[in-house]
Amino acid sequence: MSPKDWLKGTVARLLNRRVAAYELKVPNNMARLYQHIRKGDVVLVEGELRISQLVKYATQSQWSHSALYVGDELLRRDGQLREQALAHFGEFADRLLVEALTAEGVVASPLEKYRSHNIRVCRPYSLEPADLDRVIDSVVGDLGKEYDNRNFFDLTLMLLSPIKFGILKTRTLHTCLGNCTDLQVICSGMIAKAFQRVGYPILPRIDVGNPPDEKLL
């Protein structure tokens with residue numbers, strides 16, 4: 001293992017540790033959530049890891065992670081995806097998210113996983129059914145991809161270092177959080193790319209003199 005790979009692994013292990021205290025502000029009513037959540041909804045999560053605290057600090061946002069709800073989509077697909085969903089998630093196999101995790105890459109996870117987390121559900125406004133199918137196909141197609149650890153490492157250095165050097169001189173928080181390649185992804189980049197493929201705007205439109213248009217998510 002090269003010194004660079006060792007350093008990346010050490011940083012990743014350090015930042016993936018849980019924080020000492022995590023406050024669940026409002027208990028989640030999962031039964032009600034299951035009734036109302038729809039495929040294509042974006043689930044924002046306030047994470048409980050150290051990297052989550054860094055991301056929250058840098059973005060000045062409560063939310064540090066995002067995932068796309070796909071519901072029973074894997075069960076509708078014959079073959080290995082269906083078998084794996086049933087084997088791994090049992091009764092929750094029809095209530096799944098697709099997310100990109102630093103240690104695991106792009107995986108399916110039950111929404112139940114975030115029962116004890118602070119979450120928010122954002123719904124795409126007026127997204128055509130055909131486009132919704134393409135968005136879901138995009139993230140399902142990302143299953144098994146690796147997490148972009150280079151991007152993760154650059155983001156960490158950018159947040160911790162008071163001086164930008166090397167490639168960090170040309171990197172911004174926006175590019176770090178939104179990066180996505182054909183082989184590696186991060187959580188926000190994966191979802192952004194899926195919506196961009198159908199020409200769906202992912203940022204609110206703001207007109208001078210008028211309140212922000214919040215129809216997007």
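Preceding this section is the structure that the text describes.
Definitions and cut-offs
Residues numbered from 1 in each chain as written. Predicted model: local features only at pLDDT ≥ 70, side-chain atom pairs only at ≥ 80, totals over all residues. Heavy atoms only, no water. Helix = DSSP H or I, 4+ residues; strand = E, 2+ residues; numbered from the N terminus. Buried < 20%, exposed > 50% of the residue type's maximum accessible area, 1.4 Å probe, protein only. Salt bridge = Lys/Arg side-chain N within 4 Å of Asp/Glu carboxyl O. Polar contact = N/O pair within 3.5 Å; in protein donor to acceptor, adjacent residues only side chain to side chain. Pairing = 2+ DSSP bridges. Axes fitted to C-alpha atoms, helices over the stretch in contact; angles between N-to-C directions. Contact = heavy atoms within 4.5 Å.

1. Topic: unusual backbone geometry
Then step 1. Although it is not a glycine, Ser 126 sits at a positive phi angle of roughly 55 degrees.
Then step 2. Topologically, Ser 126 is positioned in the loop between strand 5 (118-122) and helix 5 (129-141).
Then step 3. Accessibility expressed as a relative area gives 56% for Ser 126, which makes it exposed.

2. Thoughts on the pattern of salt bridges
Then step 1. Tallied over the entire structure, the rule returns twelve salt bridges.
Then step 2. With a shortest N-O distance of 2.7 Å, Lys 39 and Asp 72 are connected by a salt bridge. With a gap of 33 residues between them, Lys 39 in the loop between helix 2 (30-36) and strand 1 (42-46) and Asp 72 in the loop between strand 2 (65-71) and helix 4 (80-89) connect regions that are remote in the sequence.
Then step 3. Of the residues examined, Lys 39 reaches a relative accessible area of 26% and is grouped as partly exposed.

3. Comments concerning the side chain of Glu 46
Then step 1. Structurally, Glu 46 is set in strand 1.
Then step 2. Judged by its relative accessible area of 7%, Glu 46 is buried.
Then step 3. In this structure the side chain of Glu 46 is engaged in a polar contact, spanning 2.5 Å, whose partner is the side chain of Asn 118.

4. Notes on the sheet that holds strand 4 (residues 105-110)
Then step 1. Strands sit in the order 4-3-2-1-5 across an open sheet of five strands; the sheet is antiparallel. Strand pairing shows two members of the sheet lacking a second neighbour, strand 4 and strand 5, which therefore form its edges. Sheet twist, expressed as the average angle between the axes of neighbouring strands with direction ignored, equals 30 degrees.
Then step 2. Pairing geometry for strand 3 (residues 96-101) and strand 4, over six bridges, is antiparallel. If you follow Leu 96 over to strand 4, its bridge partner there is Pro 110.
Then step 3. Of the strands in this sheet, strand 2, strand 3 and strand 4 touch helix 5, which is tilted by about 115 degrees from strand 2.

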